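Spelled out, the chains give:
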Amino acid sequence: MKVSPLRPSAAGAFAPMSEPLLSARGLTKHFGGLKAVDDVSFDVHPGEILGIAGPNGSGKSTLFNIITKVPFGPTAGEVALDGRSLGGLGAHAIALSGVARTFQRENVFASLSAVDNVLVAVEAHAPKLQFDQQVARAGQILDLVGYPPTMHNMLAGGVPIFYRKQLMIASALALKPRVILMDEPASSLTGPEIDRMRDIVLAIRASGVTVVLIEHVLSLLMEVSDRLIVLDQGRVIASGAPRVVIADAKVVEAYLGVAHG
Ligand SMILES: Nc1ncnc2c1ncn2[C@@H]1O[C@H](COP(=O)(O)OP(=O)(O)OP(=O)(O)O)[C@@H](O)[C@H]1O
Ligand SMILES: [Mg+2]
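Residues numbered from 1 in each chain as written. Chains lettered and ligands numbered in written order. Predicted model: local features only at pLDDT ≥ 70, side-chain atom pairs only at ≥ 80, totals over all residues. Heavy atoms only, no water.

Considerations on the sheet that holds strand 5 (residues 84–85)
Thought 1: Reading across from one edge, 2-1-4-5 is the order of the four strands in this open sheet, with antiparallel pairing throughout. Each of the sheet's edge strands pairs with one partner strand only, and the pair in question is strand 2 (34–44) and strand 5.
Thought 2: In the sheet, strand 1 (residues 22–31) pairs with strand 4 (residues 76–81) via five bridges, with the strands oriented antiparallel. When the bridges of strand 4 are listed, Ser 23 appears paired with Ala 80. (Pairing = 2+ DSSP bridges. Helix = DSSP H or I, 4+ residues; strand = E, 2+ residues; numbered from the N terminus.)

Topic: the domain arrangement of the protein chain
Thought 1: Here the domain parsing of the protein chain yields domain 1 (1–98 + 177–261) and domain 2 (107–176).
Thought 2: Once you take the C-alpha centre of each, domain 1 and domain 2 turn out to be 25 Å apart.
Thought 3: If you look at the interface, domain 1 gives 20 residues, while domain 2 gives 14 residues.
Thought 4: Roughly 1400 Å² is buried in total at the junction of domain 1 and domain 2, and carbon and sulfur atoms are behind 75% of that figure.
Thought 5: When the buried area of domain 1 at its contact with domain 2 is split by residue, Leu 96, Pro 177 and Ile 200 rank highest and sum to 34% of it. (Domains from an automatic or database assignment. Contact = heavy atoms within 4.5 Å. Buried area = accessible area lost by both parts, 1.4 Å probe.)

Re the sheet that holds strand 9 (residues 227–232)
Thought 1: Judged by pairing direction, the sheet is mixed, and its six strands sit side by side in the order 6-7-8-3-9-10 without closing on themselves. Each of the sheet's edge strands pairs with one partner strand only, and the pair in question is strand 6 (99–101) and strand 10 (235–240). Each neighbouring strand pair of the sheet contributes to a mean axis angle of 20°, computed without reference to strand direction.
Thought 2: Of the strand pairs in this sheet, strand 9 and strand 10 are connected by five bridges, and their pairing is antiparallel. Along strand 10, the bridge assignment pairs Ile 229 with Ser 239. (Axes fitted to C-alpha atoms, helices over the stretch in contact; angles between N-to-C directions.)

Below, the structure written as structure tokens:
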């Protein structure tokens, strides 16, 4: 697909010099009469953290679903990675081609240890690597997300939610993605844990992985995002510099409209 460059907005939004790494054009998902995602287009540039906000039910998770085809693809629209369409690829191929995701609900193999959880993804990405090197890689990724070495062999099902979220992120990173889509990594976390999650998001970006971050914890989103997109009822209602977007009257109304029923 042809990828058009992002134009800087009058508000002084992020104005990258690079070509987009991930680009979505006209993404749409219908569930019967409901337009969960409705003609959404955006670009993500290499090294960027793109934040996605929006009230409950605005289509954020569905957007990640249709980009990754986990569990379903779009009704219409196109996604390209580095200018190459992902349209013909299934979920598995998309994950191995450089677009990994985490889920709103922490999704781990409960009966496997932490290191075995990550090994499943390392094996999927690098099946020919020797086993001891696969184990070493799993350990490096667990270190990157700050997973305590003393917990590497504990069963994932028994550890607190923060650690299960770390494991889910580590498993996504084990696929060696170029971009990671993170769906509410800070939900259900305490204040200090949210601070640690911020450090993880920044460490992921520093490691060279581009990040798209859905988050209801606005303090985190505002702190780490280079640019922000806000969805409401499946549509992009604002995008640009976070401080400008969050003060946009349409955004305030979308959140207050939900808050006041
Ligand atoms: N598999 C599905 N079948 C039917 N409707 C769905 C399905 N998945 C999502 N929806 C609907 O699509 C809309 C968008 O849902 P989605 O989960 O994408 O919202 P969200 O922005 O992620 O919300 P939240 O902030 O609560 O996580 C909602 O109305 C939801 O009920
Ligand atoms: Mg969601």
